[in-house]
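# Architecture at a glance
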Amino acid sequence: MAQFRLGRKEKSLPLQLFWVLLLTTAAIAPVLLLETIPVGTLLLAFAFAFGLAAAPTALGALVTTRKELTQSLYETRRARAAELEAQETSARAAERARIAREIHDAVGHHATLIAVESAALAATAPDDTVRDTALRLRALAKESLAEMRAALGLLNSDTTYPSLQELVDRARVAGVSVTLSESGDAPLSPAVSRALFRVVQEALTNVTKHAPGASVTVTVDRSSPVRVSVVNGPGDLPSLGDGGGAGLHGLSERVRLAGGTLTTSFRADGGFSVSAVLPPGKPKVDGQDSTFGGGASAAATA
């Protein structure tokens, strides 16, 4: 057992050989002192004693070597798996970057043209109403381009969204009758702030498309949990939408990723309701405001 442990623990081959020879000598010495035996028999006895001492040492060394080889093979496989995962991650990132560039080039080109032509129209139009409308279109085109770049990762984290009040004011300018009610002042995480903004934005967009002329009530409670509700009555003008959008599906996924739930339903009066419940999350601690304003005035940090 001692020789086996020697083979398991001792890495130096000369030291192992030293202990094997020492044990062999200790076993043969009494025979040499007490007996007179022929040289051939003595060599045979020495070989037998050496084998008895060397065998457990060699076995212990083999067990240790096998364990080290197994560990080395495991580390090699793990390194290979990590390398393959890194390659796949890099490939996915490259593909996302390629798609982002294509979207930016295609959509960005048209958004830029809208902004330029709107500016030209504002500069040449004799009517003040036409000029104001053209300037609003230019501002919306520029904002859409900035939001697209932020969504595609082409801008830094300082990109800001309008406040809910500004969003509601724009809807009113577009002819939507909107009432905004806000309460609570719990600080929100950036993800929850973005989800809250998108719920209201998507709901107002849908009202504009599918229920023109409808009155809308937006209710936001920044407590714990955060609750937002957008309820509209029936529209009194023909729908402008084709019914083929997937905005609510994408909105539901955004809310889910923020840790909340989205509920949509048709109302008995012919209207529609969009509501979401969101956790407040942890606000940013770098000094940037992560909420959509204290009440409704400050912009949320994206």
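This report concerns the structure included in the present document. (Residues numbered from 1 in each chain as written. Predicted model: local features only at pLDDT ≥ 70, side-chain atom pairs only at ≥ 80, totals over all residues. Heavy atoms only, no water.)

### Things to note about the overall build of the chain
The condition that has to hold: Every helix listed is a DSSP run of H or I at least four residues long, and every strand listed is a run of E at least two residues long, numbered separately from the N terminus. Whether two residues are in contact is decided by their heavy atoms: any pair within 4.5 Å suffices. The accessible surface values rely on the Shrake-Rupley method and a 1.4 Å probe; as for residues, cover is taken only from the protein chains in view.
Across its full length, the chain holds seven helices and seven strands. In the chain, of all internal contacts separated by at least 6 residues, the share reaching a separation of at least 24 is 65%. In the structure as shown, the chain presents an accessible area of about 18,400 Å², 62% of it carried by carbon and sulfur atoms.

### A word on the environment of Thr133
Applied cut-off: The rule is simple: take the accessible area with a 1.4 Å probe, protein chains only, and divide by the maximum for that residue type; under 20% is buried, over 50% is exposed, in between is partly exposed.
Relative to the helices and strands, Thr133 resides in helix 4 (residues 128-151). Its relative accessible area of 31% is what places Thr133 among the partly exposed residues.

### Examining the pattern of salt bridges
Just so we agree on the cut-off: When a carboxyl oxygen of Asp or Glu lies within 4 Å of a side-chain nitrogen of Lys or Arg, that pair is called a salt bridge.
One pass over the full model with this rule turns up eight salt bridges. Residues Arg80 and Glu83 are paired through a salt bridge, measuring 3.5 Å at the closest nitrogen-oxygen approach. Taken as a pair, Arg80 and Glu83 lie in helix 3 (residues 39-124) at a separation of three residues, close to a single helical turn. Residue Arg80 is classed as partly exposed on the basis of its relative accessible area of 44%. Across the pair Arg222 and Glu182 runs a salt bridge whose closest N-O atoms are separated by 2.8 Å. Taken together, the residues span a long stretch of sequence, with Arg222 in strand 3 (residues 215-222) and Glu182 in strand 2 (residues 177-183) at a distance of 40 residues. Relative accessible area serves as the criterion here: at 2%, Arg222 is assigned to the buried category.

### Considerations on the sheet that holds strand 3
Quick note on the threshold: If DSSP finds at least two bridges between two strands, the strands pair. An axis is simply a line fitted to the C-alpha atoms; with a helix, the fit covers only the stretch in contact. Between two such axes, the angle follows the N-to-C directions and lies from 0 to 180 degrees.
On the basis of which strands lie adjacent, the open sheet formed by five strands has the order 2-3-4-6-5 and mixed pairing. Only two strands of the sheet have a single neighbouring strand rather than two, namely strand 2 and strand 5 (261-266). The average undirected angle you get between the axes of adjacent strands in this sheet is 10 degrees. As paired strands, strand 2 and strand 3 are joined by seven bridges and run parallel to one another. When the sheet's bridge partners are listed, Ser177 is paired in strand 3 with Ser215. On the sheet, helix 7 (residues 247-257) packs against strand 5 and strand 6 (272-278) and is oriented at approximately 150 degrees with respect to strand 5.

### Thoughts on unusual backbone geometry
Glycine aside, residues mostly have negative phi angles, and peptide bonds mostly take the trans form. Cis geometry marks the peptide bond from Ser224 to Pro225, where omega comes out at 5 degrees. Looking at where Pro225 falls in the secondary structure, it is placed in the loop between strand 3 and strand 4 (226-232).

### Topic: the layout of surface pockets
Here is the rule: Residues are said to line a cavity or pocket when one of their atoms sits within 4 Å of a point; the points come from a 1 Å grid over protein atoms alone, cavities being sets where a 1.4 Å probe fits but cannot get out and pockets being open sets with protein on both sides within 12 Å along at least five of seven lines. Grid points are joined across faces, edges and corners, and a volume is the space filled by probe spheres set on the points.
Estimates place the volume of the largest pocket at around 660 Å³. As for the largest pocket, its lining consists of 22 residues, of which Leu140, Leu167, Arg170, Gln201 and Thr205 are closest to the centre. For the lining of the largest pocket, the secondary-structure elements that each account for two or more residues are helix 4, helix 5 (164-173) and helix 6 (190-210). Tallying contributions element by element places helix 4 first for the lining of the largest pocket, with nine residues.

### Examining the packing of aromatic side chains
Formally: A pair of Phe, Tyr and Trp rings is counted when the ring centres sit within 6.5 Å of each other, with Trp represented by its six-membered ring. The angle between the planes then sorts it: under 30 degrees is stacked, over 60 is edge-to-face, the rest tilted.
Counted according to the given criterion, the structure contains one aromatic pair. Ring geometry for Phe266 against Phe272: centres 4.9 Å apart, planes inclined by 70 degrees, an arrangement best described as edge-to-face.

### Focus on the packing of helix 5 against helix 6
Working note: a packed helix pair is described by the angle between its axes plus the distance between those axes. So the rule is basically this: Each angle receives one of four descriptions, namely roughly parallel if under 35 degrees, roughly antiparallel if over 145, roughly perpendicular if within 65 to 115, and oblique otherwise. Throughout, the ten residues Ala, Val, Leu, Ile, Met, Phe, Trp, Tyr, Cys and Pro are labelled nonpolar, Asp, Glu, Lys and Arg are labelled charged, and all others, Gly among them, are labelled polar.
Across the interface, helix 5 lies against helix 6 with an axial gap of 11 Å and an inter-helix angle of 5 degrees. The angle between helix 5 and helix 6 places the two elements in the roughly parallel class. Contacts between helix 5 and helix 6 pair Leu164, Leu167 and Ala171 from the former with Leu196, Phe197, Val200, Gln201 and Leu204 from the latter. Across the contact of helix 5 with helix 6, the residue classes tally to seven nonpolar, one polar and no charged.

### Examining the nonpolar core
Quick reminder of the rule: Note on terminology: a nonpolar core comprises buried Ala, Val, Leu, Ile, Met, Phe, Trp, Tyr and Cys residues joined through side-chain atoms within 4.5 Å.
With 33 residues, the main nonpolar core has Val178, Val199, Val200, Leu204, Val216, Val218 and Leu278 as its most contacted residues. For this core, the secondary-structure elements that each account for two or more residues are helix 5, strand 2, helix 6, strand 3, strand 4, helix 7 and strand 6. Per element, the largest residue contribution to this core is nine residues, and it comes from helix 6. Sequence-distant contacts of Val178, that is, excluding residues within four places in its chain, are made with Val168, Ala171, Arg172, Leu204, Val216 and Val218.

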